[in-house]
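Listed below, chain by chain, are the residues.
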Amino acid sequence: MAKVVLGVAVGVAVAACAVAALVVGRRVRTRRKWKRVVGVLKELEESCETTVGRLRQVVDAMAVEMHAGLASEGGSKLKMLLTFVDNLPSGFPILGQYSMIVGVPPVCYFGMVFEFLSCCNLAALSVSCSCILPWSEKGTFYGLDLGGTNFRVLRVELGGQRSSFDRDVAQQAIPPRLMTGRSEDLFDFIASSLQHLVEKGNDSEQSPIIKELGFTFSFPVKQTSVSSGILIKWTKGFAITDMVGKEVAGVLQQTLARKGLNMQVAVLVNNTVGTLALGHYHDADTVAAVIIGTGTNACYWERTDAIIKCQGLLTTSGGMVVNMEWGNFWSSHMPRTSYDIELDAESPNPNDQGFEKMISGMYLGDIVRRVILRMSQESDVFGPVFSSLSVPFALGTPLMAAMHEDDSPELTKVARILKDDLKIPDLPLKARKLVVKVCDVVARRAARLAAAGIVGILKKIGRDGSGCIRVGRTRSDTKMRRTVVAIEGSLYTQYTMFREYLHEALHEILGEDIAQHVILKVTEDGSGTGAALLAASHSSKSVDNVQLL
Ligand code: ADP
Ligand code: MG
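Residues numbered from 1 in each chain as written. Chains lettered and ligands numbered in written order. Predicted model: local features only at pLDDT ≥ 70, side-chain atom pairs only at ≥ 80, totals over all residues. Heavy atoms only, no water.

Student: Explain the pattern of salt bridges to me, please; I cannot follow it from the model alone.
Tutor: Opposite charge on two side chains lets them pair, provided their charged atoms get close. Counted by the stated rule, this structure contains 29 salt bridges. Here Asp 188 and Arg 258 are joined by a salt bridge, their closest N and O atoms 2.9 Å apart. One end of the pair, Asp 188, is in helix H7 (residues 183-200); the other, Arg 258, is in helix H8 (residues 248-258), and 70 residues separate them in sequence. Residue Asp 188 is classed as partly exposed on the basis of its relative accessible area, which comes to 22%. Residue Arg 258 is classed as exposed on the basis of its relative accessible area, which comes to 52%. Here Lys 521 and Asp 283 are joined by a salt bridge, their closest N and O atoms 2.7 Å apart. Highlighted residues: Lys 521 in strand S13 (residues 518-522) and Asp 283 in the loop between helix H9 (271-282) and strand S9 (286-292), separated in sequence by 238 residues. The partly exposed category is assigned to Lys 521, whose relative accessible area is 32%. What makes Asp 283 buried here is its relative accessible area of 8%. (Salt bridge = Lys/Arg side-chain N within 4 Å of Asp/Glu carboxyl O. Helix = DSSP H or I, 4+ residues; strand = E, 2+ residues; numbered from the N terminus. Buried < 20%, exposed > 50% of the residue type's maximum accessible area, 1.4 Å probe, protein only.)

This is the structure in structure tokens:
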């Protein structure tokens, strides 16, 4: 009997030990896996590092590439395209405008001779941005904005007074099939939307007076005049092969004629140029424009004599807007991860648009998805790997932003998005926190790189404070002109954390004394409205006014 009891006891003990070993073993394995997941995050953080030193190297690289792109055709990854926009709408009446033209910084009037000369030097770099048309834009003009997720048509009534214009805007998502189909279908769709707007405004289509249109087409275009240009390549998921190499405004003009619309493409511009135009209309200190939306790009006002690749280029204003096409910027100082490399390799345009792929709305969500996928391969805490995580672009940037900005203690929004959109149910809180951290690392890197890009432009035009004179001993005595950068795009306007990281980096790179003179100003729907304003300032009806210069 005692032997039986002993036997049972030993059996139970052995079983208990086996269970315990199993549990401990599983726990050890789970812990090991979790460690690997945390390791993925650590590695990501290290490879996305953007110290201020590194950002300054990116700033320098941007300025160097800008010079190279202006020096020769194909001299840089930055195309630095001429826009033929050599005046910017102002909304100012004549006298006011001339006072702006001579309006070098006030210190020039009061300062010592040394200050005066240095100041004029600085002013010379930028004063041309104030050389704008000496008249106020008036009349009805149309804008058409194509180049991202959405497509907009608008009518702008200009009253000839600063800030006094009425807009009527219609917005539509571009059907994905049109993004990769035939050019005829895409342009038919655009022209029909415009036709609707004209009809809605009781603006007779049969009117003998030709209506003027600013066409914002936000893809790389080799401009041949302010109203014509040839498509170099598609970006942002568009791929309509029969359009590449064609004259874009001409194709639109033909479609408008086919539809019986009495409308003329007065300007063909990039969205950044439209944004700069609207920014300048509201604030004459605006010298550059940046867009961070589906894609990213920037333009700025440049002196014509700095555009070396076009020697002899003469404009009445002495300057011209240059479309940088900065989405294609690349520098070895940019922190690149294996996820970026994979994303690039699997994209329709590998080795292209490197800056854009690290910064813009089309890609950020997908970088995050790739990191979470890697984490899920390291641990079963994320569920089976064949979840939606493996589907390219399953996580859009708005969802990434919503998870990043979830401030609920239990991260309920994160849980819901993971469950509903990525089919990852019941992820424990500690793993949800990891997901938020991934979003943070990816968004922070993007915003800081964008800030470095902006400072790169400021450096090129002498507005980063590095060429400033000091009148006293401290940095706060530095003379800096007020510098406004117009900015548009949902990443900046809708994604608060992104915006805050961008501002933080600007301040870190420039230093507080300089940064306080640099203002980022949101220009709502600048790309469309700005194009209509440019149609006004380049209107054929205004030729007499233009000759006043
Ligand atoms: P577009 O570039 O088409 O003119 P937007 O400037 O609105 O339009 O940018 C659209 C891009 O911004 C999309 O890629 C989208 O994923 C992203 N986006 C839209 N809303 C948000 C948001 N709240 N947070 C982060 N990204 C957003
Ligand atoms: Mg846009």
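Having seen it, we continue.
Student: Which parts of the structure should I look at to understand the site of ligand 1?
Tutor: Near ligand 1 you find 15 residues, and of these Thr 149, Thr 294, Pro 398, Gly 489 and Ser 490 are the closest. Here an oxygen atom of ligand 1 sits 3.4 Å away from a polar atom, N or O, in the main chain of Gly 361. Interatomic distance of 2.5 Å between a side-chain N/O atom of Ser 490 and an oxygen atom of ligand 1. For ligand 1, whose unbound accessible area comes to 560 Å², protein coverage reaches 77%. For ligand 1, the cavity whose grid points lie within 2 Å of the majority of its atoms is the largest pocket. For the shell around ligand 1, the secondary-structure elements that each account for two or more residues are helix H13 (397-404) and helix H16 (490-494). Each of two domains, domain 1 (48-82 + 282-466 + 478-524) and domain 2 (84-95 + 131-269), supplies a minimum of three residues to the shell around ligand 1. (Near = heavy atom within 4 Å. Polar contact = N/O pair within 3.5 Å; in protein donor to acceptor, adjacent residues only side chain to side chain. Areas by Shrake-Rupley, 256 points an atom, 1.4 Å probe, with all protein chains shown as cover. 1 Å grid on protein atoms, 1.4 Å probe; cavity = no way out; pocket = protein on both sides within 12 Å on 5 of 7 lines; lining within 4 Å. Sits in = over half its atoms within 2 Å of the grid points. Domains from an automatic or database assignment.)

Student: How should the packing of aromatic side chains be read in this particular structure?
Tutor: Aromatic ring pairs are reported here in terms of the distance separating the ring centres and the angle at which the planes meet. As enumerated under the stated definition, the model contains 11 aromatic pairs in all. Geometrically, the ring pair formed by Trp 234 and Phe 238 is stacked, given 5.5 Å between the ring centres and 15 degrees between the ring planes. When its relative accessible area of 9% is taken as the criterion, Trp 234 is described as buried. We classify Phe 238 as buried; its relative accessible area is 4%. For the ring pair Trp 326 and Phe 355, a centre distance of 5.3 Å and an interplane angle of 90 degrees mean the geometry is edge-to-face. Within this pair, whereas Trp 326 is found in the loop between strand S11 (319-323) and helix H10 (338-346), its partner Phe 355 is found in helix H11 (residues 354-359), the two being separated by 29 residues in sequence. (Phe/Tyr/Trp six-rings, centres within 6.5 Å; stacked < 30°, edge-to-face > 60°.)

Student: Would you explain the layout of surface pockets in this entry?
Tutor: Unfilled space is identified by rolling a water-sized probe across the atoms. The space that makes up the largest pocket amounts to roughly 1,000 Å³. Those elements giving two or more residues to the lining of the largest pocket turn out to be strand S3 (150-159), strand S4 (165-173), helix H6 (176-179), H13 and H16. Considering each element in turn, the lining of the largest pocket owes the most residues, 4 residues, to H16. Tallied by class, residues from the lining of the largest pocket come to 13 nonpolar, 19 polar and 6 charged. Residue assignment places the lining of the largest pocket across two domains, with domain 1 (48-82 + 282-466 + 478-524) and domain 2 (84-95 + 131-269) each supplying three or more. (Points joined across faces, edges and corners; volume = space filled by probe spheres on them. Nonpolar A, V, L, I, M, F, W, Y, C, P; charged D, E, K, R; others polar.)

Student: How should the confidence of the model for the protein chain be read in this particular structure?
Tutor: In regions of low pLDDT, the predicted coordinates are not meant to be interpreted in detail. Per-residue confidence for the protein chain gives a mean pLDDT of 84, with 80% of residues at or over 70. Note on residues 93-135: pLDDT is under 50 here. Beyond four places in sequence and across chains, it has 79 contacts. (pLDDT = per-residue confidence, 0-100. Contact = heavy atoms within 4.5 Å.)

Student: Would you mind showing me how to read the packing of helix H2 (residues 52-71) against helix H17 (residues 496-510) here?
Tutor: The description of two packed helices rests on the angle between their axes and on the distance between the axes. Interaxial distance between H2 and H17 falls to 10 Å at its minimum, and their mutual angle equals 85 degrees. Judged by the inter-axis angle, H2 sits roughly perpendicular to H17. Residues Val 52, Leu 55, Arg 56 and Val 59 of H2 touch H17, and the partners they reach there are Ala 505, Glu 508 and Ile 509. Of the residues in the contact of H2 with H17, the class split is 5 nonpolar, no polar and 2 charged. (Axes fitted to C-alpha atoms, helices over the stretch in contact; angles between N-to-C directions. Parallel < 35°, antiparallel > 145°, perpendicular 65-115°, else oblique.)

Student: Please explain empty space enclosed by the protein as it appears in this structure.
Tutor: Tallying each qualifying case throughout the model produces 5 cavities of 30 Å³ or more. Of the voids in this model, the largest cavity is the one considered here, and its volume is about 100 Å³. Grouping the constituent residues of the lining of the largest cavity by class yields 3 nonpolar, 8 polar and 3 charged. For the lining of the largest cavity, the two domains that each supply at least three residues are domain 1 (48-82 + 282-466 + 478-524) and domain 2 (84-95 + 131-269). In this model, the second largest cavity occupies a volume close to 70 Å³. Trp 330, Arg 336, Asp 340, Leu 343, Asp 344, Gly 354, Lys 357 and Met 358 together form the lining of the second largest cavity.

Student: Would you mind showing me how to read the nonpolar core here?
Tutor: In this structure, Tyr 300, Met 324, Trp 326 and Leu 502 are the most contacted members of the largest nonpolar core, which totals 93 residues. A total of 19 residues in this core trace back to one element, the largest contributor, which is helix H15 (residues 429-460). Setting aside anything within four residues of it in sequence, one finds Leu 502 in contact with Ile 292, Ala 447, Ala 450, Ala 451, Ile 454, Tyr 492 and Leu 520. The next biggest cluster of nonpolar side chains, apart from the first, holds 35 residues, and it includes Tyr 142, Leu 213, Val 265 and Leu 268. (Core = buried A, V, L, I, M, F, W, Y, C linked by side-chain atoms within 4.5 Å.)

Student: What should I look at first to understand the sheet that holds strand S10 (residues 296-303) in this one?
Tutor: Whether parallel or antiparallel, the strands of a sheet pair through hydrogen bonds between backbone atoms. Strand order in the open sheet formed by 6 strands is S1-S11-S10-S9-S12-S13, and the pairing between neighbours is mixed. On the outer flanks of this sheet lie strand S1 (81-82) and S13, each paired with one strand and no other. Relative to S11, S1 runs antiparallel, the two sharing 2 bridges. Within S11, the residue paired with Leu 81 across the bridge is Asn 323. Where H15 meets the sheet, its contacts fall on S9, S10, strand S12 (483-488) and S13, and the angle it forms with S10 comes to roughly 10 degrees. Packing against the sheet, H17 makes contact with S9 and S13, and its axis sits at approximately 160 degrees to S13. (Pairing = 2+ DSSP bridges.)

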